[in-house]
Amino acid sequence: MKGRLPTSLPRQRPLLGVTLIALAATCFASMDSSSRLLGQVMPVLLFFWARYAFQATVMAAWLAWRGGRRAFATAHPRFQVIRGGLLAATSAMSFYGVQHMPVPEFTAINMLTPLLVIVLAGWWLHEKVSALRWALVAGGFAGALIVIRPGSGVFGWAVLFPLAGAFFYASFQVLTRRLSGSESPYATHFYTGLTGTLILTPFLILSPIPVLATLQSAPGWQIGLMLAIGALGTVGHLFLILSLGMAPTATLMPFVYLQIAVATVLGWLLFRQVPDGWAFVGMGVIAACGAAGAWLNVRATARPADPVVVDTMAD
């Protein structure tokens, strides 16, 4: 029997929100590393398109099975389209950027995103951010700067990819936060995949890539990795949507820094790339800020009197 899909999620569950965003960070780091590996043997645009087609197909099937036509309803179609476009732009920066930069360093530069999110959330969503949380986010940002050392000239023009991606992704996360209170997260996830697929399909059709020939000649591991990229993106962003519906943005942001650690481990395992000493210093700063943020979350959960600020969308 078909069950009714929820239009919103339980609120004020910061520990579960933190767990979900940590899992999302792991998925994203794994997706970036897989993209770098697959990009060495397959056109990036092809598996970039497949990543969104996978999400749209899986979520459409799931929604149709669980809720029928009403499960696809959305009260804010224009925000769904904008959100999908922002994520597609973010993914474009990631999928192409990791072809020109080591994944750990690329990920570190992307850690500019949380600072931008805090600024946008405070301005747009009117979320209250304590001075201590501001300090933790700033500390994590400083750690990211130690990793990348702006002005060193190590990465050249390729640094524009993660910088642009950070801006697109910050806007995407804040819009996700605004949608989370009034839309089904599952319908939102479907429209994100659909928007990305529709945006990328004309580019793929007009490109010189022989799609069928490429897929037919690709060995099984390449097809499997392409599907894994789609699955990691789909699951990771679903976790992100769910987490942003359970806790304020400022509570969650310190934990996205986990993505740097996962990217570093995968960079060593897959590409034998090891960050230098300064990079590890920066990662230590980031980890310390994340641990302090976790302690604050546990204390807030143990003391119900501490407010958890929740904002819902009004159109």
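Residues numbered from 1 in each chain as written. Predicted model: local features only at pLDDT ≥ 70, side-chain atom pairs only at ≥ 80, totals over all residues. Heavy atoms only, no water.

### Some details on the overall build of the protein chain
Here's step 1: Assigned secondary structure in the protein chain consists of 13 helices and zero strands.
Here's step 2: Secondary structure elements of the protein chain, listed N to C terminal, follow the sequence α-α-α-α-α-α-α-α-α-α-α-α-α.
Here's step 3: Within the protein chain, the proportion of its 315 residues that are buried is 54%.
Here's step 4: Intrachain contacts of the protein chain at a sequence separation of at least 6 include 91% that bridge at least 24 residues. (Helix = DSSP H or I, 4+ residues; strand = E, 2+ residues; numbered from the N terminus. Buried < 20%, exposed > 50% of the residue type's maximum accessible area, 1.4 Å probe, protein only. Contact = heavy atoms within 4.5 Å.)

### Considerations on unusual backbone geometry
Here's step 1: Although it is not a glycine, Arg272 adopts a positive phi angle of roughly 55°.
Here's step 2: On the secondary structure map, Arg272 appears in the loop between helix H12 (258-271) and helix H13 (277-302).

### Regarding the environment of Trp278
Here's step 1: With respect to the helices, strands and loops of the structure, Trp278 is situated in helix H13.
Here's step 2: Among the residues examined, Trp278 registers a relative accessible area of 55% and is labelled exposed.
Here's step 3: Those residues within four positions of Trp278 in sequence are excluded, and the remaining contacts are Ile146 and Arg149.

### Looking at the packing of aromatic side chains
The geometry of two aromatic rings is summed up by the distance between their centres and the angle between their planes.
Here's step 1: Here the structure, examined in full by the defined rule, presents ten aromatic pairs.
Here's step 2: Following the ring pairs from residue to residue traces out a cluster consisting of Phe47, Phe48, Tyr52 and Phe95.
Here's step 3: Over the aromatic face of Phe271 sits the side chain of Arg36, whose NZ or CZ is 5.2 Å from the ring centroid.
Here's step 4: The ring of Trp268 has Arg272 lying over it, and the distance from NZ or CZ to the ring centre is 4.9 Å. (Phe/Tyr/Trp six-rings, centres within 6.5 Å; stacked < 30°, edge-to-face > 60°. Lys NZ or Arg CZ within 6 Å of the ring centre and 35° of its normal.)

### Some points on helix H1 (residues 14-39)
Here's step 1: Counted at 1.5 Å a residue, the expected span for H1 with its 26 residues is 38 Å, and the 37 Å between its end C-alpha atoms agrees.
Here's step 2: Within H1, 19 of the 26 residues are buried, leaving the element largely enclosed by the surrounding structure. (Expected span 1.5 Å × (residues − 1).)

### Some points on the nonpolar core
Here's step 1: By size, the foremost hydrophobic cluster in this structure holds 61 residues, and its most contacted members are Leu38, Met42, Phe47, Phe48 and Phe95.
Here's step 2: Setting aside residues up to four positions removed in sequence, Phe47 forms contacts with Ser35, Leu38, Gly39, Met42, Phe95, Met226 and Ile229. (Core = buried A, V, L, I, M, F, W, Y, C linked by side-chain atoms within 4.5 Å.)

### Some details on the side chain of Thr107
Here's step 1: Structurally, the position occupied by Thr107 is in helix H4 (residues 103-110).
Here's step 2: With sequence-adjacent residues up to four places away left out, Thr107 is seen in contact with Asp32, Gln259, Ile260 and Ala263.

### Brief notes about the packing of H1 against helix H10 (residues 220-244)
Here's step 1: Axis separation between H1 and H10 bottoms out at 8 Å; the angle between their running directions is 155°. Classed by the angle they form, the pair H1 and H10 counts as roughly antiparallel. Like other packed secondary-structure pairs, H1 and H10 cross with a definite hand, here left-handed.
Here's step 2: Of the residues contributing to the contact of H1 with H10, the split by class is 17 nonpolar, nine polar and no charged. (Axes fitted to C-alpha atoms, helices over the stretch in contact; angles between N-to-C directions. Parallel < 35°, antiparallel > 145°, perpendicular 65-115°, else oblique. Left-handed = near helix turned anticlockwise from the far one by under 90°. Nonpolar A, V, L, I, M, F, W, Y, C, P; charged D, E, K, R; others polar.)

### Digging into the packing of H1 against H12
Here's step 1: For the pair H1 and H12, the least separation of the axes is 8 Å and the interaxial angle reads 30°. Relative to H12, the crossing made by H1 is right-handed. Taken together, the residues of H12 that come into contact with H1 (itself represented by Ala22, Ala25, Thr26, Phe28, Ala29, Ser30, Asp32, Ser33, Arg36 and Leu37) are Leu258, Gln259, Val262, Ala263, Leu266, Leu270 and Phe271.
Here's step 2: Broken down by class, the residue content of the contact of H1 with H12 amounts to eleven nonpolar, four polar and two charged.

### Side note on helix H2 (residues 44-67)
Here's step 1: Between the first and last C-alpha of H2 there are 35 Å, a value that for 24 residues agrees with the 34 Å anticipated at 1.5 Å per step.
Here's step 2: A positive backbone phi angle near 70° is found at Gly68, which sits one or two residues after H2.

### Description of a nonpolar patch on the surface
Here's step 1: Among the surface-exposed residues, Val265, Trp268, Leu269, Leu270, Val274 and Phe280 lie close enough to one another that they form a single nonpolar patch of about 570 Å² accessible area.
Here's step 2: With four residues, the single largest contributor to the nonpolar patch is H12.
Here's step 3: For Trp268, the location among the structural elements is in helix H12.
Here's step 4: Here Trp268 falls in the partly exposed class, since its relative accessible area comes to 43%. (Patch = residues over 30% accessible without salt bridge, like charges linked within 9 Å, V, L, I, M, F, W, Y side chains within 5 Å. Areas by Shrake-Rupley, 256 points an atom, 1.4 Å probe, with all protein chains shown as cover. Salt bridge = Lys/Arg side-chain N within 4 Å of Asp/Glu carboxyl O.)

### Digging into the environment of Ala138
Here's step 1: Tracing the backbone shows Ala138 in helix H6 (residues 131-148).
Here's step 2: Once the C-alpha coordinates of Ala138 and Pro114 are considered, the two residues, 24 residues apart in sequence, prove to be 9.2 Å apart.

### Here's the deal with the confidence of the model for the protein chain
Here's step 1: Averaged over all residues, the pLDDT of the protein chain equals 82, while 83% of them reach at least 70.
Here's step 2: Low pLDDT, under 50, characterises residues 1-10; the predicted model gives this stretch 27 contacts beyond four residues in sequence or across chains.
Here's step 3: Counting contacts from residues 303-315, a segment whose pLDDT is below 50, to residues more than four positions away or on other chains yields 25 contacts. (pLDDT = per-residue confidence, 0-100.)

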